[in-house]
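An overview of the molecular structure
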Amino acid sequence: MRHRASIPDWLKKSVGKNKAALRQDESRATARALADKNLHTVCVEALCPNRGECYCRGEATFLILGDRCTRGCRFCAVSRAKPLPPDPGEPLRVAQTVKKWNLQFAVLTSPTRDDLPDGGAEHYARAINEIHRLSPQTGTEPLVPDFAGDAAALETVLNAGPSVLAHNVETVPSLYAAVRAGADYRRSLKLISRAKKHSPRIIAKSGLMLGLGETKTELRNVFRDLAANGCELLTLGQYLAPSKEHFPVQRYLEPAEYDELRAIALTAGLKAVLAGPLVRSSYKAGELYRRLSAG
């Protein structure tokens with residue numbers, strides 16, 4: 001039976017600071033704007049610890065295609081109830097919010113929708129196209145599921161012309177059976193490789209959670225695999241279990257370890273890496289994109 005590590009006080013303080021930020025006027029205004037447009041965010045549904053910070057900046061990661069997932073990953077807080085049909089008005093509402101907030105970079109993701117013939121790819125494309133139509137200056141980053149390996153679905157998203165194509169491998173291969181039910185490590189690598197072959201100029205991105213029981217050697221191998229398949233951007237952050245029913249945290253990394261892992265990832269061939277205890281896939285996504293674009 002896996003043990004549960006105790007969260008260190010310094011990390012509790014960081015999480016608490018972000019929670020306190022949710023009470024600030026700027027954060028409340030962001031929440032109201034999302035509610036007014038009937039939009040979901042991964043910030044809320046996945047219990048992101050950075051929500052207070054991002055909401056105060058007038059930013060959020062849009063969760064399209066509903067708030068219910070067809071997979072059963074043991075790390076995720078998103079509901080596993082029966083999904084509803086896609087909302088045809090959602091792409092436009094997302095784009096209208098991006099324009100209203102004057103976002104220079106917009107990230108959108110979704111639950112995995114294995115119930116849909118294309119996994120929701122057309123819905124992604126519509127949202128990206130609407131953002132580009134209303135806010136031509138805005139960069140876009142779809143953080144996509146694996147589309148069950150459907151190459152045509154992936155191409156549908158890529159043909160909408162996003163700036164970045166993100167897909168998270170989440171953890172090391174040895175933990176997939178315990179943590180990522182229905183996912184496949186090689187399939188995820190193939191998605192990234194296909195994205196680069198179809199759209200060579202697109203920037204490919206991935207992310208991993210840390211503290212699930214992975215070893216440094218396993219991480220080094222994943223970094224090499226990602227780079228070999230064309231991944232350029234990477235995020236690394238501490239896994240925080242949403243509840244006692246979810247996969248338990250095995251270890252809380254110390255702050256200095258993130259600097260070490262970032263250096264290892266860069267040496268392995270990744271071009272830009274954002275690493276830290278509360279770093280998540282879409283955290284400071286525009287900043288990471290600009291860091292690479294600036295050369």
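Details of the structure are given in the entry above.
Each chain has its residues counted from 1, running along the sequence as written. For a predicted model such as this one, the threshold for reporting local features is a pLDDT of at least 70, and the threshold for listing and counting side-chain atom pairs is 80 or more; totals across whole chains, interfaces and linings nevertheless cover every residue. For the side-chain quantities, the full set of heavy atoms in the structure was used; hydrogens and water were omitted.

1. Observations regarding the packing of aromatic side chains
Selection rule: For this analysis, a ring pair means two rings from Phe, Tyr or Trp (six-membered ring only for Trp) whose centres lie within 6.5 Å, classed as stacked if their planes differ by under 30 degrees, edge-to-face if by over 60, and tilted for the remaining angles. Under the scheme used here, helices are H or I runs from DSSP no shorter than 4 residues and strands are E runs no shorter than 2 residues, and both carry numbers assigned from the N terminus. Relative accessibility under 20% of the residue-type maximum defines a buried residue, over 50% an exposed one, and the middle range a partly exposed one, all with a 1.4 Å probe and only protein chains included.
For the structure shown, the criterion picks out 4 aromatic pairs. On the basis of an interplanar angle of 85° and a centroid distance of 6.2 Å, the ring pair of Tyr 124 and Phe 147 is categorised as edge-to-face. Separated by 23 residues along the polypeptide, Tyr 124 in helix 6 (residues 121–134) and Phe 147 in the loop between strand 4 (139–143) and helix 7 (151–158) bring together distant segments of the chain. Judged on exposure class, the residue Tyr 124 and its partner Phe 147 are both buried. Seen in terms of ring centroids, Tyr 176 and Tyr 185 are 5.9 Å apart; in terms of plane orientation they differ by 80°. Their pairing is edge-to-face. With relative accessibility at 6%, the residue Tyr 176 sits in the buried group. Its relative accessible area of 6% is what places Tyr 185 among the buried residues.

2. A few points about the pairing of strand 4
Remember that side chains alternate between the two faces of the sheet whenever the strand is regular. We apply this condition: Criterion used throughout: strands pair if DSSP finds at least two bridges between them. Look down the strands so they point away from you; if going from the first strand over the helix to the second traces a clockwise path, that crossover is right-handed.
Of all 5 residues that make up strand 4, 5 are buried, and the element is covered over most of its length. Relative to strand 4, strand 3 (residues 105–109) runs parallel, the two sharing 5 bridges. The partner of Phe 105 across the bridge, within strand 4, is Gly 139. Taken together, strand 3, helix 6 and strand 4 form a β-α-β motif whose crossover is right-handed.

3. Description of the nonpolar core
As a reminder, the rule being used: The definition of a nonpolar core used throughout is a set of buried Ala, Val, Leu, Ile, Met, Phe, Trp, Tyr and Cys residues joined through side-chain atoms within 4.5 Å.
The biggest cluster of nonpolar side chains holds 37 residues, and the ones touching the most others in it are Leu 208, Phe 223, Leu 226, Leu 234 and Leu 236. Secondary-structure elements contributing two or more residues to this core are helix 1 (9–21), helix 8 (176–179), helix 9 (185–198), strand 6 (203–210), helix 10 (216–228), strand 7 (233–238) and helix 11 (255–268).

4. Considering the pattern of salt bridges
Our working definition: Salt bridges are identified by distance alone: a Lys or Arg side-chain nitrogen within 4 Å of an Asp or Glu carboxyl oxygen.
All chains considered together, the criterion is met by 15 salt bridges. Between Arg 57 and Glu 53 there is a salt bridge; the shortest N-O distance is 2.8 Å. By relative accessible area, Arg 57 is classed as partly exposed at 37%. Given the relative accessible area of 24%, Glu 53 is considered partly exposed. Between Arg 133 and Glu 130 there is a salt bridge whose closest N-O contact spans 2.7 Å. Placement of the pair is Arg 133 and Glu 130 together in helix 6, with a separation of 3 residues, close to one helical turn. Residue classification places Arg 133 among the exposed residues on the basis of a relative accessible area of 53%. A relative accessible area of 16% means that Glu 130 is categorised as buried. Overlapping salt bridges, with partners in common, bring together Arg 71, Asp 114, Asp 146 and Arg 187 in one network.

5. Describing the state of the cysteines
Keep this limit in mind: Any pair of cysteine sulfurs within 2.5 Å is marked as a disulfide.
One pass over the full model with this rule turns up 0 disulfides. You can see Cys 48 has no disulfide; the closest cysteine sulfur is in Cys 43, sitting 6.0 Å from it. The partly exposed category is assigned to Cys 48, whose relative accessible area is 22%.

6. Points about unusual backbone geometry
For residues other than glycine, phi is negative in most cases, and the peptide bonds are mostly trans. Of note in this structure, Asn 38 is not a glycine but carries a positive phi near 55°. With respect to the secondary-structure elements, Asn 38 resides in the loop between helix 2 (25–36) and strand 1 (40–41). According to the relative accessible area criterion, Asn 38 is exposed, its value standing at 52%.

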